[in-house]
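# Coordinate inspection notes
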Amino acid sequence: MTEILDVAELGDRIRSLRLSRGFSLQDLSGQASVSVSMLSAVERGDKVASIQILHQIAQALKTSIDRLIEDEAPPRVILVRRVEQAVVNDGSGWVRRLLSPALPGLEFEMTRTRLEPGVEAGESGLWGRGFRAYLAVEDGALTVISGRANFSPRNRRQCFLCG
């Protein structure tokens, strides 16, 4: 079955997101590197934007093309029992337990990591643009160095957003 994109609905979504973020047409145009006339025509549903233009608009709005095209689906509940969770223990004092399932089309993972005192996790080349990591220190101290900041909690249960 072939579905046709409703360009008027797409335009309404883009306008709604733009306004909710406090952007004028000129603001979004500059952020997305899309002309004001093209952006206005897309919002009115007069023009069909290319994938590249949709990508630029989505990036400027800090969202995805998927969210521009359709409403988010209601949340699903997926239970991954402890016995079903993948565990990696490399013997160095670093144990990683995958708490989330691998879902098609979704690049997301939630892990619980245990580092023994003095273990250095090293560098991760996986943290690219748009990547977010949420860290919660349950016990002990952890130093995290990211491109933006160096965090070193002194107290238990401090949480940080990096990436």
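Refer to the structure presented above.
First things first, this report covers the structure right here in the doc. Note on numbering: residues in each chain are counted from 1, in written sequence order. Local features are withheld for residues below a pLDDT of 70 in this predicted model, meaning they are given only at 70 or higher, and side-chain atom pairs are given and counted only at 80 or more; totals for whole chains, interfaces and linings count all residues. Computation of side-chain values: all heavy atoms of the structure, hydrogens and water removed.

### Some remarks on the nonpolar core
Counting 17 residues, the largest nonpolar core has Ile14, Leu28, Val34, Ile57, Leu61 and Leu68 as its most contacted members. Looking at this core element by element, the count peaks at 5 residues for helix α4 (residues 51–60). Contacts between residues were defined by any pair of non-hydrogen atoms, one from each residue, lying within 4.5 Å. The contact partners of Leu68, leaving out residues within four places of it in the chain, are Leu10, Arg13, Ile14, Leu17, Leu54, Ile57, Ala58, Leu61 and Thr63. Working definition of a nonpolar core: buried Ala, Val, Leu, Ile, Met, Phe, Trp, Tyr and Cys residues. They are joined through side-chain atoms within 4.5 Å. Relative accessibility thresholds used throughout: buried, under 20% of the residue-type maximum; exposed, over 50%; partly exposed, between the two (1.4 Å probe, protein chains only). Secondary structure elements follow DSSP: runs of H or I no shorter than four residues count as helices, runs of E no shorter than two count as strands, and numbering proceeds from the N terminus.

### Considerations on the sheet that holds strand β1 (residues 87–89)
Strand pairing in a sheet is mediated by backbone hydrogen bonds. Such pairs are either parallel or antiparallel. Any two strands between which DSSP finds at least two bridges are classified as paired. Strand order in the open sheet formed by 3 strands is β1-β2-β3, and the pairing between neighbours is antiparallel. Only two strands of the sheet have a single partner each, and these edge strands are β1 and β3 (111–115). In this sheet, neighbouring strand axes are inclined to one another by 10° on average, regardless of whether the strands run parallel or antiparallel. Between N-to-C directions, angles cover 0 to 180 degrees, with each direction set by a line fitted to C-alpha atoms, over the stretch in contact for helices.

### Comments concerning unusual backbone geometry
The phi torsion at Ser33 lies on the positive side, around 55°, for a residue other than glycine. Note that Ser33 resides in the loop between α2 (25–32) and α3 (36–44). For Lys62, which is not a glycine, the phi torsion comes out positive at approximately 60°. Structurally, Lys62 can be placed in the loop between α4 and α5 (65–69).

### Some points on a nonpolar patch on the surface
On the surface, Leu5, Val48 and Ile69 cluster together into a nonpolar patch covering about 240 Å² of accessible area. Relative to the helices and strands, Leu5 is located in the segment before α1 (7–20). Nonpolar side chains (Val, Leu, Ile, Met, Phe, Trp, Tyr) are joined into patches within 5 Å and like charges within 9 Å, using only residues with over 30% relative accessible area and no salt bridge. Using a 1.4 Å probe, the Shrake-Rupley method yields the accessible areas, and only the shown protein chains count as cover for residues. In the sections that follow, a salt bridge refers to a side-chain nitrogen of Lys or Arg positioned within 4 Å of a carboxyl oxygen of Asp or Glu.

### Re α3
Counting along an α-helix, one turn takes 3.6 residues, and residues three or four places apart therefore face a common direction. By the burial criterion, the buried members of α3 are Met38, Leu39, Ser40, Ala41, Val42 and Glu43. Where the residues of α3 are buried, they touch α1, α2 and α4. Directly after α3, the chain includes Gly45, whose backbone phi takes a positive value near 80°.

### What to know about the pattern of salt bridges
One pass over the full model with this rule turns up 7 salt bridges. A salt bridge links Glu43 to Arg18; its shortest N-O distance comes to 2.6 Å. Here the residue Glu43 occupies a position in helix α3, and Arg18 occupies one in helix α1, the gap between them amounting to 25 residues. Assessed through its relative accessible area of 3%, Glu43 is described here as buried. In this structure, Arg112 engages Glu138 in a salt bridge whose closest nitrogen and oxygen atoms are separated by 2.4 Å. Here Arg112, found in strand β3, pairs with Glu138, found in the loop between β4 (133–136) and β5 (144–145); they are 26 residues apart in sequence, far enough to count as distant. With relative accessibility at 42%, the residue Glu138 sits in the partly exposed group. Salt bridges sharing common partners tie together Asp12, Arg15, Arg18 and Glu43.

### Looking at the environment of Leu5
Since its relative accessible area comes to 34%, Leu5 is described here as partly exposed. Taking the C-alpha atoms as reference, Leu5 lies 7.7 Å from Ile69; in sequence the two are 64 residues apart. Leaving out residues up to four positions away in the same chain, Leu5 has contacts with Leu10 and Ile69.

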